[in-house]
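# Chain and residue survey
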Amino acid sequence: MNRYELTYIIDTAVEENARKELIEKFSELIKANGGEIEKVDETWGKRRLAYAINDKTEGYYVLVTMKAPSELPREIERNLEINENIMRYLTIKLEEKKHSVKPRPVRVAPAAPVAEAEVAEAPAAEVVETPAE
């Protein structure tokens, strides 16, 4: 089963009881078709839309996180499309992060070998003192 995130916007003209029934209806639809609901998040609540949809400037946002077979999102979107109280919807497949990438090994810069003969032949720097006036 894949993990999905479903976000849909309900028209604010719908009363609170009808809105709760609508959310429950879609939750039951997910369960009836073999899906498992992980979380239903209604904390976004009523928000102003970025642009007017059908002359409406506000909507009630609902976020559902679920595990479902690959055929289920199409069925849910079909039912969301039919319902006149749903303004917009978006289904996203959540990808699992894989940690199979090995970290890159630390490369140490090789030290340039210095021959002892070169060090011995190098003249010492002479210190020249200037008299202070």
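See above for the structure.
As a starting point, this report considers the structure included with it.

Cut-offs applied
- Here, residues in each chain are numbered from 1, in the same order as that chain's written sequence.
- A pLDDT threshold of at least 70 governs which residues receive local features in this predicted model, and a stricter bar of 80 or more applies before side-chain atom pairs are shown or counted, although totals over entire chains, interfaces and linings include all residues.
- Each side-chain value is derived from all of the structure's non-hydrogen atoms; neither hydrogens nor water enter the calculation.
- Where helices and strands are cited, they refer to DSSP runs of H or I of at least four residues and of E of at least two residues respectively, numbered from the N terminus.
- A simple rule labels every residue: compare its accessible area, found with a 1.4 Å probe on the protein chains alone, to the largest value its type can have, and call it buried under 20%, exposed over 50%, or partly exposed in between.
- Throughout, a residue-residue contact means that at least one pair of heavy atoms, one from each residue, lies within 4.5 Å.
- Per-residue and other accessible areas were derived by the Shrake-Rupley procedure at a 1.4 Å probe size, with only the shown protein chains allowed to occlude residues.
- Between any two strands, at least two bridges found by DSSP are needed for them to pair.
- Axis definition: a line fitted to C-alpha atoms, over the contacting stretch in the case of helices. Angles run 0 to 180 degrees between N-to-C directions.
- In a helix, the anticipated span is given by 1.5 Å times the number of residues less one.
- This arc is built from the directions going out from the helix axis to the C-beta atoms.

Turning our eyes to something else, we now look at the overall build of the protein chain. The helix and strand tally for the protein chain stands at 3 helices and 4 strands. If you list the helices and strands of the protein chain from N to C, you get β-α-β-β-α-β-α. Across the 133 residues of the protein chain, 29% fall into the buried class. Sequence separation of 24 or more characterises 74% of the internal contacts of the protein chain that already satisfy a separation of 6 or more. When the accessible surface of the protein chain is split by element, carbon and sulfur atoms take 50% of a total near 10,700 Å².

Ordered in space as 2-3-1-4, the 4 strands form an open sheet in which the pairing is antiparallel. Sheet topology places strand 2 (36-53) and strand 4 (86-94) at the edges, where each strand pairs with a single neighbour. In this sheet, neighbouring strand axes are inclined to one another by 20° on average, regardless of whether the strands run parallel or antiparallel. Summarising the sheet, strand 1 (residues 2-11) and strand 4 pair through 8 bridges and their orientation is antiparallel. Directly across from Tyr 4, in strand 4, lies its bridge partner Lys 93. The strands touched by helix 1 (residues 16-32) within the sheet are strand 1, strand 2, strand 3 (56-68) and strand 4, with strand 2 carrying the most contacts at an inclination of about 130°.

Now for helix 1. Here helix 1 is 17 residues long and its end C-alpha atoms lie 24 Å apart, about the 24 Å a rise of 1.5 Å per residue gives. Every buried residue of helix 1 is accounted for by Arg 19, Leu 22, Ile 23, Phe 26, Ser 27, Leu 29 and Ile 30. Angular distribution of buried residues about the axis of helix 1 spans 155°; they occupy a single face of the element. Exposed side of helix 1, more than 90 degrees from the buried face: Asn 17, Glu 21 and Ala 32 are the residues found there.

Bringing the pairing of strand 3 into the picture now. Across 10 bridges, the pairing between strand 1 and strand 3 is antiparallel. Residue pairing across strands places Ile 9 opposite Tyr 61, the latter belonging to strand 3. Bridge count between strand 2 and strand 3: 10 bridges; the pairing is antiparallel. Bridge pairing links Ile 53 to Lys 56 in strand 3. Hairpin remark: strand 2 followed by strand 3, antiparallel, with 2 residues in the connecting loop; positive phi at Asn 54, about 55°.

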